[in-house]
Amino acid sequence: MNAFNYRERQLYAEDCKVSDIVAEVGTPLYIYSRETLERHFRVFDQALNGLEHIICFSVKSNSNLAVLRLFANLGGGADIVSGGELFRCLKAGMDPGRIVFSGVGKTTDEIRYALASGILMFNVESEMELDRIQEVASAMGKVAPISFRVNPDINPKTHPYISTGLKKNKFGVEVDRAVALYKKAARMNAIRILGIDCHIGSQLTTLSPFEETVLKLREIVEELQEEGIPIRWIDLGGGLGITYRDEAPPSPEAYADTVRRAASGMTQGFIFEPGRVMAGNAGILVTRVLYVKRGPVKTFIIVDAGMNDMVRPSLYDAYQEIRPVVETDRKIMADVVGPICESGDFLAKEREVPDAEPGDLLSVMSAGAYGFTMASNYNSRPRPAEVLVNGNEFFVIRARETFEDLVRGERIPPWLS
Ligand code: LLP
């Protein structure tokens, strides 16, 4: 369920006509629904009723300040993976005490920044990182709250690029070494052990990998308990999938029930890091048809959004549904492609799509997560604007980039004059 529906054959975002928004803001354009974002948060939150928890929205999925503020207002925290994401969260008014910091390559500067900001905990991904955090915290006269991100070697059964919990992946510490590392950390004077963490992958459509994960973490927590190392928070990462096409991912309720069952009797609080399930179906990318090219073997619908604006189809061969902004019953087999000079630049391939004429608007659905955040300036294309809809009003939450934005920070050395 989402807020993008047709009324009299016109696509609406909540109570705003998409074509009206485009008339003011132009294309390509990301449009998010406040109502959908809030509903997704509330459904997840309510599903976890009875389980002490913090929902740390995964900032990498959608990092717009307005989106972060919206979740902060609902009591959410954040899962961050860089100093830049921390900066965004703080700027959006998020409580640093509800921020967890994951990622295999935290720099010294990022560690310092996070310590100075008072984040909830670092999800430590290697022994060397632990040593570095100890060093930095000690030099600052601080104690760093940490958890270890454990790599449980569980197959999430998703796309290999977004699987993270397998032995061959770069993430987390080996499950067999976890207890030894906790013991080492317990002896460090600038480290405080607070939690245990795991994130096995993204776009999961079955519950069993989550269940296995909880059971695995549970074993470690119990072992640590026996070693006199109590764990306060269990961070289960993100990963719950959404419907792009015909996937039938488990509901937040079913997910929460699985966690509740696998964790029954445990006294820890739980942290969740959902990204896609919060933002994915709360956003669309609207693009305008520039040309229709009927080639000898294929028809190409050439639109003004390219792989720089939305890379998921090119990078993961991901399916994003394409809908017309003015509903039509006419369909055509075509590739929907962007203006980028690469054959890999497509939004849909060999697909039955709405028949479109130059000037028509198309909507790329399920674009609210890993859409804008993965956009780039490739081919020197300014990144799209972003709009947040609220009932019958909308607000530009990120202005379209300008050509001047493209060259900001670039300088020609005097010896080239
Ligand atoms: N926590 C950690 C540590 C993560 O690495 C991720 C995603 C999440 C939470 C959120 O996962 P989610 O709930 O959104 O599945 N660009 C890819 C997805 C990459 C996900 C990376 N990590 C895509 O467009 O499908």
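Provided above is the structure to which this section pertains.
(A) A look at the overall build of the protein. When helices and strands are counted, the protein shows 12 helices and 21 strands. Relative to the compact-globule value of 22 Å for 417 residues, the protein shows a C-alpha radius of gyration of 23 Å, a close match. Seen through its principal axes, the protein has C-alpha atoms that stretch 70 × 60 × 40 Å. Evaluated residue by residue, the protein yields a buried proportion of 56% over its 417 residues. When contacts within the protein are restricted to residue pairs at least 6 apart in sequence, those whose partners lie at least 24 apart make up 70%. Of the roughly 18,300 Å² of accessible surface on the protein, 49% is carried by carbon and sulfur atoms. Averaging the positions of the 48 positive and the 56 negative side-chain charges in the protein gives two centres separated by 2 Å.

(B) Focus on the side chain of Glu110. Locating Glu110 in the fold gives a position in helix α5 (residues 108–117). For Glu110, which is buried and forms no salt bridge, the nearest opposite charge comes from Lys106, at a distance of 8.1 Å. Sequence-distant contacts of Glu110, that is, excluding residues within four places in its chain, are made with Ser82, Gly83, Phe101 and Gly105.

(C) Spatial organisation of the sheet that holds strand β2 (residues 10–13). Strand order in the open sheet formed by three strands is β1-β2-β3, with antiparallel pairing between adjacent strands. Single-partner strands in this sheet number two, and they are β1 (4–7) and β3 (16–17). Two elements, β1 and β2, share four bridges in a ladder whose sense is antiparallel. In the sheet register, Phe4 faces β2, and the bridge partner there is Ala13.

(D) Just the pairing of strand β13 (residues 269–272), in detail. By the alternation rule, side chains of β13 split into Gly269 and Ile271 and Phe270 and Phe272, which are all buried. As paired elements, strand β5 (residues 53–58) and β13 share three bridges and run parallel to each other. Looking across to β13, one finds that Ile55 is bridged to Phe272. Pairing between strand β12 (residues 233–235) and β13: three bridges, direction parallel. Considered in β13, the bridge of Ile234 is made with Phe270.

(E) Quick look at the environment of Leu236. One can find Leu236 in the loop between β12 and α9 (252–262). Residues Leu236 and Val214, 22 residues apart in the sequence, show an inter-C-alpha distance of 7.5 Å. Once residues lying within four places of it in the same chain are set aside, the contact partners of Leu236 are Cys198, Val214, Leu217, Tyr255, Val259, Phe270, Ile271 and Phe272.

(F) Fine view of the nonpolar core. The biggest cluster of nonpolar side chains holds 102 residues, and the ones touching the most others in it are Phe122, Ile146 and Ile301. Here this core gets six residues from one element, more than from any other, and that element is helix α8 (residues 208–226). In contact with Ile146, other than residues within four places in its own chain, are Met121, Phe122, Val124, Leu130, Ile133, Ala185, Ile191, Arg192, Ile193, Leu194 and Gly195. If you look at the next biggest cluster of nonpolar residues, it comprises 18 residues, including Leu11, Ala13, Ile284 and Val325.

(G) The site of the ligand, seen in detail. In the region of the ligand, 18 residues are neighbours, and Ser202, Glu273, Arg312, Tyr316 and Tyr370 sit closest. A distance of 2.8 Å is found between an oxygen atom of the ligand and a backbone nitrogen or oxygen belonging to Gly239. Between the ligand and the protein, one listed contact pairs an oxygen atom with a side-chain N or O atom of Arg312 at 2.6 Å. Isolated, the ligand exposes 590 Å² of accessible area, and the fraction of that covered by the protein chains is 93%. When atom positions are compared with the pocket grids, the ligand is found to occupy the largest pocket. Of the residues contributing to the shell around the ligand, the split by class is five nonpolar, seven polar and six charged. The residues that make up the shell around the ligand include at least three from each of domain 1 (4–32 + 280–407) and domain 2 (103–272).

(H) Examining α9 more closely. The set of residues buried in α9 consists of Pro252, Tyr255, Ala256, Thr258, Val259 and Ala262. The buried residues of α9 all sit within an arc of 155° when viewed along its axis, so they share a single face. Lining the buried residues of α9 we find α2 (34–47), α8 and β13.

Conventions we followed
- All residue numbers here refer to positions counted from 1 along the written sequence of the relevant chain.
- Two thresholds apply to this predicted model, a pLDDT of at least 70 for residue-level local features and 80 or more for giving and counting side-chain atom pairs, whereas whole-chain, interface and lining totals are computed over all residues.
- The side-chain figures draw on all heavy atoms in the structure; neither hydrogens nor water molecules are used.
- Helical segments are the DSSP runs of H or I of at least four residues, strand segments are the runs of E of at least two, and each set is numbered from the N terminus.
- Each radius of gyration reported is based on C-alpha atoms, and the globular scaling rule is 2.2 Å times the count of residues to the power 0.38.
- Type-normalised accessible area, obtained with a 1.4 Å probe on protein chains alone, sets the label of each residue: buried when under 20%, exposed when over 50%, and partly exposed for intermediate values.
- We call two residues in contact when some of their heavy atoms are within 4.5 Å.
- Values of accessible area rely on a 1.4 Å probe in the Shrake-Rupley scheme; residue burial ignores everything except the protein chains shown.
- For the purpose of counting charges, residues Lys and Arg are taken to be positive, whereas Asp and Glu are taken to be negative. His and the chain ends are not included.
- Lysine's charge is taken at NZ, arginine's at CZ, aspartate's at CG and glutamate's at CD.
- Only one rule defines a salt bridge in this text: a Lys or Arg side-chain nitrogen within 4 Å of an Asp or Glu carboxyl oxygen.
- Strands are labelled as partners when DSSP assigns at least two bridges between them.
- We call a set of buried residues a nonpolar core when its members are Ala, Val, Leu, Ile, Met, Phe, Trp, Tyr or Cys and they connect through side-chain atoms within 4.5 Å of each other.
- Note on terminology: near, applied to a residue and a molecule or strand, indicates that one of the residue's heavy atoms is within 4 Å of it.
- Polar contact is the term for a pair of N or O atoms within 3.5 Å; when the atoms are in protein, one must be able to donate a hydrogen and the other to accept it, and sequence-neighboring residues count only if both atoms are side-chain atoms.
- The way it works is a 1 Å grid over only the protein atoms, where trapped points that fit a 1.4 Å probe form a cavity and open points with protein on both sides within 12 Å along at least five of seven lines form a pocket, and then any residue with an atom within 4 Å of a point lines it.
- What decides whether a molecule sits in a cavity or pocket is whether more than half of its atoms lie within 2 Å of the grid points.
- Polar here means any residue outside two lists: the nonpolar Ala, Val, Leu, Ile, Met, Phe, Trp, Tyr, Cys and Pro, and the charged Asp, Glu, Lys and Arg; Gly therefore counts as polar.
- By convention here, the domain bounds are inherited from an automatic or database domain assignment.
- Of all possible arcs, the one meant is that of the directions from the helix axis to the C-beta atoms.

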